[in-house]
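Descriptive analysis of the structure
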Amino acid sequence: MKLLYKDSAHISDQEILIASSAIADYITHIQQVIKTSTYDAAEASVNLPSDNALLQDVKNLVKEKVNNKLKYIIDIGIGGSNLGTKAIYDALYGYIDVLQPERYPKIIFADTCNPVLLSALITSINNDIKDPDEVLINAISKSGGTTETVANTEIILSALVSKFPTIANRVVITTDEGSNLWKAAKEKGYACLSIPHLVGGRYSILSAVGLFPLAAAGVDIEALRKGALTARNENTQSEPLRNPALISAVLLYLHSKKGKTINDNFFFNAQMESMGKWYRQLMGESIGKEQDLKGNTVRAGITPTVSLGSTDLHSVAQLYLGGPKDKLTTFTWTLREPADPAVPDAMVFPNLVEKISGKTASSLLEAIREGVKIAYAKQQLPFMEIVLDEVNPENLGSYLQFKMLEMMYLGRLLNINTFDQPNVEMYKIETKKILSK
Ligand code: PA5
């Protein structure tokens, strides 16, 4: 993975060095956290990719629960408990799932309380599922008390239990050890996987939260972890200009100080749209803060947006190129595609668009991407680029770890608590009040 920024981000290396010097001690702290290999610090998620006991627990449970009859993994969770899993699944399989009806197992995500999805799922359970081994339920909630997740679990389980009395055997609960959900699940004899207490939802993709459903769906989680480990080594280096996550954080920070308070994550691999949504949560919850570490009201935040190339050039390019200069864009693209069909030499409609015959889909997209970059440069719009070799589990693992470290650095630069989400609790409390009336 490469970060390109030098001629396009409008920030000099000297400025990066000055800004990053303010958090040099924080990088040393993260290096120390890694040395401990424990989960005792707020940044503990950095130790997930090297936790071999965790990997073994996940593999053991996958071995026990996954068989050749398995068709659907029902992943019940919301926010940090499902966005990372969906990001990886969609990037590898989900984007083209409809074209691969016979590829199993598939993951079905139940996040919000959506009557349409739940009804369709119940119909499918009633009509199509013939054997309990065809389904695996993974209910995931760090707190164990999220309204949507608990309600969805109850609705889906009640449909399954009425058809298969032995369905408990097909359920895995992932939660904080010691949560009420953990205790209740243990009492009922459900299989449980734990989330380390100090690993918050949006930093939990490399814990059992993501590893179990992804491994059950056939994703190479060892490659995912390997990519994350490589990125962890690279992005915790003390030398700022050798640390891409730090550079990216500094660029976001310095531009936000100059009024560029939107970070547009512009993916040229449409299958990474859900990755953009994972990042939206990571950035939104980590740095959108009313108060700084000293309790001053700061209302900090950068608004993360997700765009797809070239799809969104046909919807928002006018705004981006001609509208307010309030964005720092992060283009993300890959060097290679696994397959690359070409426009035939002998075209059916040869006279409609010039010079496309014989060109591959990726070369057309590349021309569009390069055209976009030139247009951004002409309009003096700052951007950086993340370049992956290709979309595969190892590179996705690198991307996730890079972004989680970037966010820790950005939070520290902004002097806010990167790991809490006090204002999210506000609506949860109000919802519970309404439901208890
Ligand atoms: O990142 C977070 O903390 C939140 O988005 C949570 O992941 C989300 O609210 C779901 O919470 P839980 O996993 O406790 O059900």
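Thresholds applied
- Residues numbered from 1 in each chain as written.
- Predicted model: local features only at pLDDT ≥ 70, side-chain atom pairs only at ≥ 80, totals over all residues.
- Heavy atoms only, no water.
- Core = buried A, V, L, I, M, F, W, Y, C linked by side-chain atoms within 4.5 Å.
- Buried < 20%, exposed > 50% of the residue type's maximum accessible area, 1.4 Å probe, protein only.
- Helix = DSSP H or I, 4+ residues; strand = E, 2+ residues; numbered from the N terminus.
- Contact = heavy atoms within 4.5 Å.
- Salt bridge = Lys/Arg side-chain N within 4 Å of Asp/Glu carboxyl O.
- Pairing = 2+ DSSP bridges.
- Axes fitted to C-alpha atoms, helices over the stretch in contact; angles between N-to-C directions.
- Right-handed = clockwise from strand over helix to strand, strands pointing away.
- Near = heavy atom within 4 Å.
- Polar contact = N/O pair within 3.5 Å; in protein donor to acceptor, adjacent residues only side chain to side chain.
- Areas by Shrake-Rupley, 256 points an atom, 1.4 Å probe, with all protein chains shown as cover.
- Nonpolar A, V, L, I, M, F, W, Y, C, P; charged D, E, K, R; others polar.
- Phe/Tyr/Trp six-rings, centres within 6.5 Å; stacked < 30°, edge-to-face > 60°.
- Lys NZ or Arg CZ within 6 Å of the ring centre and 35° of its normal.

A word on the nonpolar core. Residues V58, L251, M275, W278, L400, Y409 and L410 are the most contacted members of the largest nonpolar core, which totals 88 residues. For this core, the element with the highest residue contribution is helix α14 (residues 393-414), accounting for 12 residues. The contacts of L400, once residues within four sequence positions are left out, are I88, I205, L206, L224, M275 and W278. Within the second largest apolar cluster, 24 residues are counted, among which are I74, A139, A159 and V171.

Another point: the pattern of salt bridges. In the structure shown here, the tally under the stated rule is 19 salt bridges. Measuring nitrogen to oxygen at the nearest pair gives 3.5 Å for the salt bridge that ties K65 to E64. When the shortest N-O distance is used, the salt bridge between R103 and D97 registers 2.7 Å. Just as R103 is buried, D97 falls in that class too. Connected through shared salt-bridge partners, R369, E370, K373 and E385 make up one network.

This brings us to the sheet that holds strand β10 (residues 303-308). Strands sit in the order β1-β12-β11-β7-β10 across an open sheet of 5 strands; the sheet is mixed. For this open sheet the edge positions go to β1 (2-4) and β10, each flanked by a neighbour on one side alone. Averaged over all pairs of adjacent strands, the angle between strand axes in this sheet comes to 20°, irrespective of strand direction. Taken strand by strand, helix α13 (residues 361-378) contacts β7 (262-267), β11 (327-334) and β12 (383-388), and its axis lies near 160° from that of β11.

A large share of strand β3 (residues 106-110) lies buried, amounting to 5 of its 5 residues. Residue alternation in β3 divides its side chains into two sets, K106, I108 and A110 and I107 and F109, and both sets are buried. As paired strands, strand β2 (residues 72-76) and β3 are joined by 5 bridges and run parallel to one another. The residue bridging I73 from the neighbouring strand is I107, located in β3. Where the polypeptide runs from β2 across helix α4 (residues 83-92) and back to β3, its parallel neighbour, the crossover connection is right-handed.

Along the polypeptide, L400 turns up in helix α14. For L400, a relative accessible area of 0% puts it in the buried group. Counting along the chain gives 121 residues from L400 to Y279, while the straight-line C-alpha distance between them is 8.6 Å.

On to unusual backbone geometry, then. Omega for the bond connecting Y104 with P105 falls within 30 degrees of zero, at -5°, which places this linkage in the cis form. Here P105 shows up in the loop between α4 and β3. Going from G309 to S310, the amide bond is cis rather than trans, its omega being 0°. By secondary structure assignment, the location of S310 is in the loop between β10 and α12 (317-322). Even without a glycine there, the phi angle at S37 is positive, about 55°. Positionally, S37 belongs in the loop between α2 (24-36) and α3 (52-65).

Moving on, we come to the site of the ligand. Surveying the vicinity of the ligand reveals 14 residues, the closest of which are S81, S141, S143, T146 and Q281. Contact distances for the ligand include 2.8 Å between an oxygen atom and a backbone N or O atom of G80. Starting from 380 Å² of accessible surface for the ligand in isolation, the protein chains cover 91%. For the shell around the ligand, the per-class residue count stands at 1 nonpolar, 9 polar and 4 charged.

With the rule as written, the count across this model stands at 12 aromatic pairs. Aromatic side chains F266 and F331 sit 5.3 Å apart centroid to centroid with 50° between the ring planes, which places their arrangement in the tilted category. Residue F266 is found in strand β7, and its partner F331 is found in strand β11; the two are separated by 65 residues along the sequence. In this pair, the class of F266 matches that of F331, namely buried. Taken together, F266, F268, Y320, F331, Y376 and F383 form an aromatic cluster joined through their ring pairs. Above the ring of W333, the side-chain terminus of R369 is found at 3.5 Å from the ring centroid.

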